[in-house]
Amino acid sequence: MDYSNGSERRNIILEKLKDSGQVFVNELADEFGVSQETIRRDLNKLEELRHIKKIHGGAVSAQFGFELEFNQRAKLAEDDKKNIAAAAAKLIKPGDSLFIDFGTTTLEFARIISSIPQLTVFTNSPVIANLFHDSSTTDLILIGGQFGLSKMECVGPVTLQAISSFYADYAVIGAGAVSPESGIMDQDINEAAVARQMIKQSNNSIVLADGHKLDSRATSHVAHWKEIDCLVTTDPDKKIKKMNFPKDLNIIIA
C-alpha cells in the first residue's frame, strides 16, 4: 500500500481508532515510514473533520475524546458539584418548567430532579435529556440546532431561535467563571449565547458554580447580576463574605 498517500494513511488511522480507541504519533510514524510531523498533519486534518480528538502524543476517537475530557472535568471539585446540585434541586417543585444548559454540575442537577414529577424540561443536551427517559410524567423538549459531537450539545442560531419559542419558570445555568462585579461568564462563545437566551426566556435564573470559579473571569459574558436571581455555590476558602456581590442576590452555599 502507498503510505505516501495522505488520504490512505488517514483512512488507516481511523480504522486503527475503531479497533483500539487510541493511536500514538511515534508508532504511526514508524509503521508508515514517514516523519512524526507528517503524522501530526494527518491528525490535524482528522481533527478538523471532527473524526478524532488529539491528545498528548497521539489521538483518540471523537466520542472517546468527549468522554475523556468530560470525565476529567466532572472529577474536578466532584463533591462540591454534587452538593451544589442537591441544594439547587430543593428549589424545584412538581409542575415547574425549566431550561437546563449542559455542564458537569447541571448534569448532576438534572440527575437529581429527574425524580420530581410533572416537570417540563427544555435542554440543548441529549445527555441531559437521556436522564429523564424513565420519567413518565416529565414533558421533555430536546432543543436542536448545530450539534457539537465534542461536547454533546446543540448550539448556534437554530438553537437560539428554538429557545426563543419557549418560556420557563427557571433557567438553570452552569458558569465557567463568576465575577462579583461583572456577573457570570463562559469560555465558549456559543455556550454563552445559549445560556444568555435561556435566561432571557425564564422568570427566574439559577446559576450553579463551584467555589473555585468565584472571583474569576472568562472570555464571553453571559449575564449581569441584575439578571440572576440565585447563585448556588460552595465556599471552600471562606471568602464569599469578602467579595462584593450585590446585596439583593440570593446566594446559597452548599
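Just so it is clear, the model here is predicted, and its values are computed rather than measured.

Calculation rules
Residues numbered from 1 in each chain as written. Predicted model: local features only at pLDDT ≥ 70, side-chain atom pairs only at ≥ 80, totals over all residues. Heavy atoms only, no water. Buried < 20%, exposed > 50% of the residue type's maximum accessible area, 1.4 Å probe, protein only. Helix = DSSP H or I, 4+ residues; strand = E, 2+ residues; numbered from the N terminus. Pairing = 2+ DSSP bridges. Axes fitted to C-alpha atoms, helices over the stretch in contact; angles between N-to-C directions. Parallel < 35°, antiparallel > 145°, perpendicular 65-115°, else oblique. Left-handed = near helix turned anticlockwise from the far one by under 90°. Contact = heavy atoms within 4.5 Å. Nonpolar A, V, L, I, M, F, W, Y, C, P; charged D, E, K, R; others polar. Core = buried A, V, L, I, M, F, W, Y, C linked by side-chain atoms within 4.5 Å. Phe/Tyr/Trp six-rings, centres within 6.5 Å; stacked < 30°, edge-to-face > 60°.

Student: Quick question: what am I supposed to make of the pairing of strand S9 (residues 168-174) here?
Tutor: Where a strand is regular, its side chains alternate between the two sheet faces. Of all the seven residues making up S9, five are buried; the element is thus mostly covered by neighbouring parts of the structure. In the sheet, strand S4 (residues 97-100) pairs with S9 via three bridges, with the strands oriented parallel. Counterpart to Leu 98 in the pairing with S9 is Tyr 170. The sheet contact formed by S9 and strand S12 (residues 202-208) spans six bridges and is parallel. Each residue of the ladder has a partner; that of Gly 174, found in S12, is Leu 208.

Student: Explanation requested: the packing of helix H5 (residues 78-89) against helix H6 (residues 104-113) in the structure shown.
Tutor: Axis angle and axis distance: for two packed helices, these are the angle between their axes and the distance between the axes, and together they describe the pair. Where H5 meets H6, the axes come as close as 8 Å, and the angle between the chain directions of the two elements is 50°. Between H5 and H6, the interaxial angle falls into the category oblique. With respect to the hand of their crossing, H5 and H6 are arranged in right-handed fashion. Along its contact with H5, which presents Lys 81, Lys 82, Ile 84, Ala 85, Ala 86, Ala 88 and Ala 89, the element H6 presents Thr 104, Thr 105, Glu 108, Phe 109, Ile 112 and Ile 113. Of the residues belonging to the contact of H5 with H6, the class tally is eight nonpolar, two polar and three charged.

Student: Quick question: what am I supposed to make of the sheet that holds strand S5 (residues 120-123) here?
Tutor: One key point about sheets: their strands pair by backbone hydrogen bonds, in either a parallel or an antiparallel sense. Spatial ordering of the open sheet is given by S6-S5-S4-S9-S12-S14-S15, a layout of seven strands whose pairing is parallel. Each having just a single partner strand, strand S6 (139-142) and strand S15 (250-253) make up the two edges of the open sheet. Strand-to-strand twist of the sheet, defined as the mean angle between neighbouring strand axes without regard to direction, takes the value 20°. In this structure, strand S14 (residues 230-233) lies alongside S15, joined through four bridges in parallel fashion. Each bridged residue has a counterpart across the sheet, and for Val 232 the counterpart in S15 is Ile 252. Against the sheet, H6 engages S4, S9 and S12, with an angle of about 150° to S4. Sitting on the sheet, helix H9 (residues 189-200) is in contact with S4, S9 and S12, with an inclination near 155° to S9.

Student: I keep staring at the nonpolar core and nothing clicks. Help me out?
Tutor: A general trend in soluble globular proteins is that nonpolar side chains are found buried together. Ranked by internal contacts, the top residues of the largest apolar core, which has 28 residues, are Val 178, Ile 184, Leu 231 and Phe 245. Elements represented by at least two residues in this core include exactly S9, H9 and strand S13 (220-223). Per-element tally for this core: the top contributor is H9, with five residues. Non-local contacts of Ile 184, meaning those with residues more than four positions away in its chain, are made with Ile 173, Ala 175, Ala 177, Val 178, Ile 199, Val 207, His 221, Val 222, Ala 223, Trp 225 and Ile 228. Core analysis: the second largest hydrophobic core is formed by 24 residues, Ala 88, Leu 107, Val 121 and Ile 206 among them.

Student: How should the packing of helix H2 (residues 25-32) against helix H3 (residues 36-48) be read in this particular structure?
Tutor: H3 packs onto H2 with a crossing angle of 110° between their chain directions and a minimal axis gap of 9 Å. Judged by the inter-axis angle, H2 sits roughly perpendicular to H3. In terms of crossing hand, the pair formed by H2 and H3 is right-handed. Of the residues in H3, those touching H2 at Val 25, Asn 26, Leu 28, Ala 29 and Phe 32 are Gln 36, Ile 39, Arg 40 and Leu 43.

Student: What am I meant to see in the packing of aromatic side chains here?
Tutor: Aromatic ring pairs are described here by two measures, namely the spacing of the ring centres and the angle between the planes. Counting across every chain of the model gives three aromatic pairs. Judged by centre distance (5.0 Å) and plane angle (35°), the rings of Phe 99 and Phe 122 are tilted. Pair noted here: Phe 99 is in strand S4 and Phe 122 is in strand S5, with a separation of 23 residues, a long-range link. The pair Phe 99 / Phe 122 is uniform in exposure class, with both members buried. Judged by relative accessible area, which is 5%, Phe 122 ranks as buried. By the ring-pair criterion, three or more aromatic residues cluster together here, those being Phe 99, Phe 122 and Phe 166.

Student: Before we go on, may I ask you to explain unusual backbone geometry in this structure?
Tutor: The bulk of non-glycine residues show a negative phi, and the bulk of peptide bonds are trans. Residue Gln 118 is not a glycine yet carries a positive backbone phi of 60°. Take Gln 118: it is sitting in the loop between H6 and S5. You can call Gln 118 exposed: its relative accessible area is 52%.

These results come straight from atomic positions and should not be treated as a statement about function.
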